[in-house]
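Here is how the chains run, residue by residue.
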Amino acid sequence: MSLFRPEELEQLVCGLPHLDMYALEDHTTYDGDLTKDSDCVKWLWETVHSMSVDEKKRFLSFVTGNDRVPIGGLGKLKFTIQGNGPDTDRLPTAHTCFNTLLLPAYSSPERVREKLLTAIENARGFGMK
């Protein structure tokens with residue numbers, strides 16, 4: 001008797017293959033002085049939706065500590081974007097244990113894209129692979 005069909009076992013081990021960032025956006029909560037209507041949040045989602053699959057995986061890893069989609073999809077992930085002060089030269093940071101992105105209120109879409117891509121490209125986590 002088997003507990004899982006092969007495709008169910010693959011999902012448990014590998015996660016779902018599709019990175020539906022729209023589902024993540026729809027189920028994201030906001031904290032601090034940010035809302036879904038804040039300019040920097042709108043620019044963040046524009047940036048995320050325009051990313052390549054590899055960049056989306058790095059973004060997911062940056063904010064959650066894992067580049068795999070959980071069972072049930074990204075809409076089931078409890079994800080929060082929290083304000084982190086005014087525009088600054090600081091990069092966005094994340095609390096992976098809480099799936100929280102700390103986002104400064106950058107002043108332009110170009111700054112959001114530049115700072116976010118720099119952060120995810122240089123993130124190393126705990127150095128475990």
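A brief look at the structure comes next. Worth saying up front: this structure is predicted, and the values here are computed from it rather than measured.

## Some points on the sheet that holds strand S1 (residues 29-31)
Then comes step 1: Taking strand neighbours across the sheet as the criterion, the four strands line up as S1-S2-S4-S3 in an open arrangement whose pairing is mixed. A strand with exactly one partner marks an edge of an open sheet, and here the two such strands are S1 and strand S3 (93-95). Averaged over neighbouring strand pairs, the angle between their axes works out to 30° when direction is ignored.
Then comes step 2: As paired strands, S1 and strand S2 (residues 80-86) are joined by three bridges and run parallel to one another. Bridge assignment links Asp-31 to a residue of S2, and that residue is Gln-82.

## What to know about the environment of Val-69
Then comes step 1: Inspection of the secondary structure assignment puts Val-69 in the loop between helix H4 (53-64) and S2.
Then comes step 2: We classify Val-69 as buried; its relative accessible area is 3%.
Then comes step 3: On a C-alpha basis, the gap between Val-69 and Lys-57 in space is 9.0 Å, while along the polypeptide they are 12 residues apart.

## Section: helix H5 (residues 109-122)
Then comes step 1: Over its 14 residues, H5 runs 20 Å from end to end, which matches the ideal 20 Å to within 8%, given 1.5 Å per residue.
Then comes step 2: Every buried residue belonging to H5 is among Val-112, Lys-115, Leu-116, Leu-117, Ala-119 and Ile-120, and all of these are buried.
Then comes step 3: If you follow the buried residues of H5, they end up packed against helix H3 (39-50) and H4.

Reading the values: the criteria
- Counting starts from 1 at the beginning of each chain's written sequence and moves along it residue by residue.
- Residues qualify for local features only when their pLDDT is at least 70, as the model is predicted, and side-chain atom pairs are given and counted only at 80 or more; totals for whole chains, interfaces and linings, by contrast, use all residues.
- For the side-chain quantities, the full set of heavy atoms in the structure was used; hydrogens and water were omitted.
- Two strands form a pair only when DSSP identifies at least two bridges running between them.
- Secondary structure is summarised from DSSP: a helix means a run of H or I of at least four residues, a strand means a run of E of at least two, and numbering begins at the N terminus for each.
- Every axis in this analysis is a line fitted to C-alpha atoms, fitted for helices over the stretch in contact. Angles between the N-to-C directions lie between 0 and 180 degrees.
- Each residue is assigned to one of three classes by its accessible area relative to the maximum for its type, calculated with a 1.4 Å probe on protein chains only: buried under 20%, partly exposed between the two thresholds, exposed over 50%.
- Multiplying 1.5 Å by the residue count of a helix minus one yields the expected span of that helix.
- In this analysis, two residues are considered to be in contact whenever any of their non-hydrogen atoms come within 4.5 Å of each other.

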